[in-house]
Amino acid sequence: MTLWFVFALMTAAAIFAVLWPLSRAGRPQIEGSEAAVYKDQLAEIDRDVAAGLIGVTEADAARVEISRRLLAAVDGQEGLPAVSNTLLRRSAAIVALVGLPIVAVALYLPLGSPRLGDFPLAQRTRAPDVAQPLDNLVAQVEAHLEKNPTDGRGWNVLAPVLSRLGRYHEAVRAYRNSITYNGDSPERRADLGEALAAAANGVVTAEAKAEFERALALNADEVKASYFLGLAAEQDGRAGEASTIWRAMLAKAPSDAPWRPLVQAALARVGGSPAPALSNDAMAAAKGMDETDRDAMIRGMVDRLATRLKQNGDDVEGWLRLVRAYMVMGDRDKAKSALTDARQAVANDADRLRRLNEGLKDLGLDG
């Protein structure tokens, strides 16, 4: 209300500033009228007589004529114009002053929303809910693709969203259309294979396996395809082949690869013995060794890490690397023992203990 009151005052001030001059009475301006001219002519006759330019008789005749015209001019200008103009200006000022606000309010009431209150601050600052409109977004994209089925970009956007929603059969169709209209790529082939496996309740079917093999044919380092081919070997009972695939992935990957824990847990599941994530330099050195020497080097590094952590147990990341290393080496007893030692080492630090427990959950050893 305060804001509206200020606006009203400003509007009224602007109207008064414009209309105030109109309300003032006009001044008689004899000096600028026809009468002023005749007066000047009379004065001019007096000057001419004094200078001897005209005679007295001619001067008197001229004064009589000019005086007659002066009286007629003065009689015609008295009263009426000034009063009439003043009344007109005041009437216009009153109409504008009263009429403009009335017209403005009359237009605002039917077109505006005078009773609509402000949105609460929480609603104005709240971030949009990205989860709620996801189904609506998918429906809009699907409607667009029904009218434009060759829009490869639309299929490329829709496919991963359908997978996220658990609509795997529809995601398979979307990935196929994405490949058709966007072109082949190892990533799209691997995503299609993953959707096929998800649609089969996690089983890597022959159709899904074919897609992963196509992905690897396009890019031998395609991580997703390699992992699922290892999973296919495990599901077929070929644990040794699965272990070989996953060991090769870890040997080529950087130590901070986000998918390392997943592959390491899979190796622990099949009893593999790959190189754990320690350092890039160590991984580079291990590539030139045979398997026996590589395992010996890795075990030596793991033992040195365990010794260091017993001397300084504040390194949460070090404990997680040690537990993960024991797991991928197939030594779950040592992994659980390291887990116990880690929790004892950080028991007095709530933040470190929380980070440790969160990291252990990813390894399946949170109990």
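To keep things clear, this report deals only with the structure shown in the data block. Predicted model, so just to flag it, every value in this text is computed and none were measured.

Cut-off values and rules
Residues numbered from 1 in each chain as written. Predicted model: local features only at pLDDT ≥ 70, side-chain atom pairs only at ≥ 80, totals over all residues. Heavy atoms only, no water. Helix = DSSP H or I, 4+ residues; strand = E, 2+ residues; numbered from the N terminus. Buried < 20%, exposed > 50% of the residue type's maximum accessible area, 1.4 Å probe, protein only. Contact = heavy atoms within 4.5 Å. Areas by Shrake-Rupley, 256 points an atom, 1.4 Å probe, with all protein chains shown as cover. Axes fitted to C-alpha atoms, helices over the stretch in contact; angles between N-to-C directions. Parallel < 35°, antiparallel > 145°, perpendicular 65-115°, else oblique. Left-handed = near helix turned anticlockwise from the far one by under 90°. Nonpolar A, V, L, I, M, F, W, Y, C, P; charged D, E, K, R; others polar. Expected span 1.5 Å × (residues − 1). Polar contact = N/O pair within 3.5 Å; in protein donor to acceptor, adjacent residues only side chain to side chain. Core = buried A, V, L, I, M, F, W, Y, C linked by side-chain atoms within 4.5 Å. Phe/Tyr/Trp six-rings, centres within 6.5 Å; stacked < 30°, edge-to-face > 60°.

1. Thoughts on the overall build of the protein chain
Logical step 1: The helix and strand inventory of the protein chain stands at 18 helices and zero strands.
Logical step 2: Here the protein chain holds 367 residues, and 30% of them are scored as buried.
Logical step 3: Within the protein chain, residue pairs in contact and separated by at least 24 positions form 49% of the contacts whose partners lie at least 6 positions apart.
Logical step 4: When the accessible surface of the protein chain is totalled, it reaches about 22900 Å², and 57% of it is carbon and sulfur.

2. Quick word on the packing of helix α11 (residues 223-235) against helix α12 (residues 239-252)
Logical step 1: Running from amino to carboxyl end, α11 crosses α12 at an angle of 160°, the nearest separation of the two axes being 7 Å. By the angle between their axes, α11 is roughly antiparallel relative to α12. Like other packed secondary-structure pairs, α11 and α12 cross with a definite hand, here left-handed. Contacts between α11 and α12 involve Val223, Ser226, Tyr227, Leu229, Gly230, Leu231, Ala233 and Glu234 from the former and Ala239, Glu241, Ala242, Ile245, Trp246 and Met249 from the latter.
Logical step 2: Considered class by class, the residues forming the contact of α11 with α12 number 10 nonpolar, two polar and two charged.

3. What to know about unusual backbone geometry
For residues other than glycine, phi is negative in most cases, and the peptide bonds are mostly trans.
Logical step 1: A positive phi angle, near 60°, is found at Asn201, a position not held by glycine.
Logical step 2: Mapping Asn201 onto the fold places it in the loop between α9 (186-199) and α10 (206-218).
Logical step 3: Using a relative accessible area of 75% as the deciding quantity, one classes Asn201 as exposed.

4. Quick look at α11
Spacing of three or four residues puts side chains on the same side of an α-helix, whose turn is 3.6 residues.
Logical step 1: Over its 13 residues, α11 runs 18 Å from end to end, which matches the ideal 18 Å to within 8%, given 1.5 Å per residue.
Logical step 2: Listed in full, the buried residues belonging to α11 are Ala225, Ser226, Tyr227, Phe228, Leu229, Gly230, Leu231, Ala232 and Ala233.
Logical step 3: Of the surrounding elements, those touching the buried residues of α11 are α9, α10, α12 and α13 (260-270).
Logical step 4: With a side-chain oxygen positioned 3.0 Å from the backbone nitrogen of Lys224, the residue opening α11 is Glu222.
Logical step 5: Just downstream of α11 lies Gly237, where phi reads positive at about 85°.

5. Quick word on helix α16 (residues 316-328)
Logical step 1: If you check α16, its first and last C-alpha atoms are 19 Å apart, about what 13 residues at 1.5 Å a residue would give, namely 18 Å.
Logical step 2: Taken across its 13 residues, α16 has 11 buried, putting it largely inside the fold.
Logical step 3: At the N-terminal end of α16, a side-chain oxygen is found 3.0 Å from the backbone nitrogen of Gly318, two or three residues along, and the residue is Asp315.

6. So, the environment of Lys252
Logical step 1: Note that Lys252 resides in helix α12.
Logical step 2: As a C-alpha pair, Lys252 and Asp221 span 31 residues in sequence and 8.8 Å in three-dimensional space.

7. Re the nonpolar core
Logical step 1: Ranked by size, the top nonpolar core spans 36 residues in total, and within it Leu158, Val204, Phe212, Tyr227, Phe228, Trp246 and Val263 carry the most contacts.
Logical step 2: Elements with a contribution of two residues or more to this core: α6 (134-147), α7 (152-164), α8 (168-182), α9, α10, α11, α12 and α13.
Logical step 3: Apart from the residues lying within four places of it in its own chain, the contact partners of Trp246 are Ser226, Tyr227, Gly230, Leu231, Glu234, Val263, Ala266, Leu267, Arg269 and Val270.
Logical step 4: One finds Val302, Leu320, Met329 and Leu339 within the second-largest nonpolar core, a separate group that totals 25 residues.

8. With respect to the packing of α9 against α10
Logical step 1: Following both chains from N to C, one finds α9 and α10 inclined at 165°, their axes separated by 8 Å at the closest point. With respect to their mutual orientation, α9 and α10 come out roughly antiparallel. Crossing geometry of α9 relative to α10 is assigned as left-handed. Contacts from Pro186, Arg189, Ala190, Leu192, Gly193, Glu194, Leu196 and Ala197 of α9 reach α10 at Glu207, Ala208, Glu211, Phe212, Arg214, Ala215 and Leu218.

9. Looking at the packing of aromatic side chains
Logical step 1: Inspection of the entire model under this criterion finds three aromatic pairs.
Logical step 2: For the ring pair Phe212 and Phe228, a centre distance of 4.9 Å and an interplane angle of 5° mean the geometry is stacked. With Phe212 in helix α10 and Phe228 in helix α11, this pair connects stretches of sequence that are 16 residues apart.
Logical step 3: Since its relative accessible area comes to 0%, Phe212 is described here as buried.
Logical step 4: A relative accessible area of 13% places Phe228 in the buried class.
Logical step 5: Between Tyr227 and Trp246 the ring centres are 5.8 Å apart and the planes differ by 25°, which places this aromatic pair in the stacked class. Taken as a pair, Tyr227 in helix α11 and Trp246 in helix α12 lie far apart in primary sequence, 19 residues in all.
Logical step 6: In this structure Tyr227 comes out as buried when scored by relative accessible area, which is 13%.

10. Considerations on the side chain of Ser243
Logical step 1: Tracing the backbone through its elements, the reader meets Ser243 in helix α12.
Logical step 2: Of the polar contacts made by the side chain of Ser243, one reaches the side chain of Arg247; its length is 2.8 Å.

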